[in-house]
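Report on the structure
One-letter residues, chain by chain:
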Amino acid sequence: MADQGQQDLHFRCADVGDKSCKWEARGKNEKEIMDQVERHGREAHNVHMDDNMRRQVSQAINRRAA
């Protein structure tokens, strides 16, 4: 992944999963977000991520200038 500089990353579960889920994650890099998303998926939705789901999550991560 290219250097994101001083950007924060943000992900909302509702963007790829249960539309009623209000859970969100923030982090400094995609791995940090993905770790949180995988844990949330297992614990809240009993979902174990495969490559397709990881791709969807990666595409739904938003970059915000800090």
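This report concerns the structure included in the present document. Because the structure is predicted, anything quoted here is derived from the model rather than measured. (Residues numbered from 1 in each chain as written. Predicted model: local features only at pLDDT ≥ 70, side-chain atom pairs only at ≥ 80, totals over all residues. Heavy atoms only, no water.)

Time to look at the side chain of glutamate 30. Turning to its location among the elements, glutamate 30 is positioned in helix α1 (residues 30-45). Under the relative-accessibility criterion, glutamate 30 is labelled buried at 19%. Engagement of the side chain of glutamate 30 in a polar contact is seen with the side chain of serine 58, the distance being 2.7 Å. (Helix = DSSP H or I, 4+ residues; strand = E, 2+ residues; numbered from the N terminus. Buried < 20%, exposed > 50% of the residue type's maximum accessible area, 1.4 Å probe, protein only. Polar contact = N/O pair within 3.5 Å; in protein donor to acceptor, adjacent residues only side chain to side chain.)

This next bit is on the environment of isoleucine 61. Examined against the element boundaries, isoleucine 61 turns out to sit in the loop between α2 (51-60) and β3 (62-65). Taking the C-alpha atoms as reference, isoleucine 61 lies 9.2 Å from arginine 26; in sequence the two are 35 residues apart. Filtering out sequence-adjacent residues up to four positions away, isoleucine 61 remains in contact with Leu9, His10, Phe11, Glu30 and Ile33. (Contact = heavy atoms within 4.5 Å.)

Let us look at unusual backbone geometry. Here asparagine 46, not a glycine, exhibits a phi torsion of approximately 55°, which is positive. You can see asparagine 46 is positioned in the loop between α1 and α2.

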